[in-house]
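Tertiary structure, described
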Amino acid sequence: NSTTNTVEKSKAADSSPKKETPTPSYTSTVTKEPTCTEEGEKTYTSDLGDSYTEVIPVLGHKPGDWTTEKEPTCTEEGKKVRYCTVCGEVVETMVIDKLPHTEGDWEVVQKPTLIKTGLKVKKCTICGEVLEEEVIPANTTLLYIIIGLSCAVLIGGVIGIITYKRRH
């Protein structure tokens, strides 16, 4: 689109009795439209054949509403952007913080034995990341009971053998 306007430019009157100089009449035409990032140009041309140009200032971006391009999760940040409503270029970006983890229940991943400790964990129900872990002690109480009973049986057997040999 070009706009054409007629502008008159008067020249100072010459006081000498010479010929009268005609006053030129100028027509303006936008020869380059300004954009968000570049200046435009308007050219003025006279009916006498001379011309000059004038700069049209940069328009600048016109930011639109925020648009979420990436939703945040508990493992990654999200992202919001604003696009220029004129040219569509991204003119502003904002980081959205990560979401907190969602803690699940305790889960036994290794059961304890008589001599080895076990392990239980709490994981995020969304991403599965281990948030907390706790050692489960070895079941030494049962081990001590078994050892105690074994010792009692052994001692009882030894006493029985000794008693039997004394009587015979």
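Predicted, not measured: the structure shown is a model, and the values here were computed from it.

As a further point, take the sheet that holds strand β9 (residues 118-124). Spatially, β8-β9-β10 is the arrangement adopted by the 3 strands of the open sheet, whose pairing is antiparallel. Whereas interior strands pair on both sides, the edge strands pair on one side only; in this sheet they are β8 (103-110) and β10 (130-136). Each adjacent strand pair in this sheet contributes to an overall mean axis angle of 20°, direction not counted. As paired strands, β9 and β10 are joined by 6 bridges and run antiparallel to one another. The residue of β10 that forms the bridge with Lys123 is Val130.

Strand direction decides the pairing type here: β8 and β9, joined by 5 bridges, are antiparallel. Following the sheet pairing, Glu107 is matched in β9 by Val121. The antiparallel hairpin formed by β9 and β10 contains 5 residues in its connecting segment, where Gly128 sits at a positive phi of about 85°.

So, about the packing of aromatic side chains. The geometry of two aromatic rings is summed up by the distance between their centres and the angle between their planes. For the structure on display, the rule yields 2 aromatic pairs. Geometrically, the ring pair formed by Tyr26 and Tyr52 is edge-to-face, given 5.6 Å between the ring centres and 65° between the ring planes. Here Tyr52 lies in strand β4 (residues 51-56) and Tyr26 lies in strand β2 (residues 25-32), a separation of 26 residues in the sequence. Judged by relative accessible area, Tyr52 falls into the partly exposed class, the value being 30%. Seen in terms of ring centroids, Tyr44 and Tyr52 are 4.8 Å apart; in terms of plane orientation they differ by 15°. Their pairing is stacked. Tyr44 sits in the buried class, given a relative accessible area of 8%. Put simply, the rings of Tyr26, Tyr44 and Tyr52 pair up and form one aromatic cluster.

On to the sheet that holds strand β6 (residues 78-84), then. Across a sheet, strands are paired by hydrogen bonds formed along the backbone, either parallel or antiparallel in direction. An order of β5-β6-β7 is seen for the 3 strands of this open sheet, with the pairing classed as antiparallel. The sheet is open, and its two edges are formed by β5 (63-70) and β7 (90-96), each paired on a single side. Within the sheet, the average angular offset between the axes of one strand and its neighbour, ignoring direction, is 25°. With 5 bridges connecting them, β5 and β6 associate as antiparallel partners. Within the sheet, the bridge partner assigned to Thr67 lies in β6 and is Val81.

The next subject is the pairing of β4. Two faces, one strand: in a regular strand the side chains alternate between the faces of the sheet. Summarising the sheet, strand β3 (residues 40-46) and β4 pair through 6 bridges and their orientation is antiparallel. Bridge pairing links Lys42 to Glu54 in β4. Taking the residues between adjacent antiparallel strands as the criterion, β3 and β4 are bridged by 4 residues, where Gly49 takes a positive phi near 100°.

Another point: the pattern of salt bridges. As enumerated under the stated definition, the model contains 7 salt bridges in all. The partner of Arg82 in a salt bridge is Glu92, with the nearest N and O atoms 3.3 Å apart. With Arg82 in strand β6 and Glu92 in strand β7, this residue pair connects regions lying 10 residues apart in the sequence.

Quick look at the confidence of the model for the protein now. For the protein, the average pLDDT comes to 86, and 87% of its residues sit at 70 or higher. Between residues 6-14, whose pLDDT stays under 50, and residues either more than four places distant or in other chains, the model counts 14 contacts.

Right, let's talk about the state of the cysteines for a bit. One pass over the full model with this rule turns up 0 disulfides. The structure places no disulfide on Cys124, whose sulfur is separated from the nearest cysteine sulfur, that of Cys74, by 3.8 Å. With a relative accessible area of 3%, Cys124 lands in the buried category. Just so you know, Cys127 is unpaired, no disulfide at all, and the nearest cysteine sulfur is the one on Cys74, 3.7 Å from it.

Rules used throughout
Residues numbered from 1 in each chain as written. Predicted model: local features only at pLDDT ≥ 70, side-chain atom pairs only at ≥ 80, totals over all residues. Heavy atoms only, no water. Pairing = 2+ DSSP bridges. Helix = DSSP H or I, 4+ residues; strand = E, 2+ residues; numbered from the N terminus. Axes fitted to C-alpha atoms, helices over the stretch in contact; angles between N-to-C directions. Phe/Tyr/Trp six-rings, centres within 6.5 Å; stacked < 30°, edge-to-face > 60°. Buried < 20%, exposed > 50% of the residue type's maximum accessible area, 1.4 Å probe, protein only. Salt bridge = Lys/Arg side-chain N within 4 Å of Asp/Glu carboxyl O. pLDDT = per-residue confidence, 0-100. Contact = heavy atoms within 4.5 Å. Disulfide = S-S within 2.5 Å.

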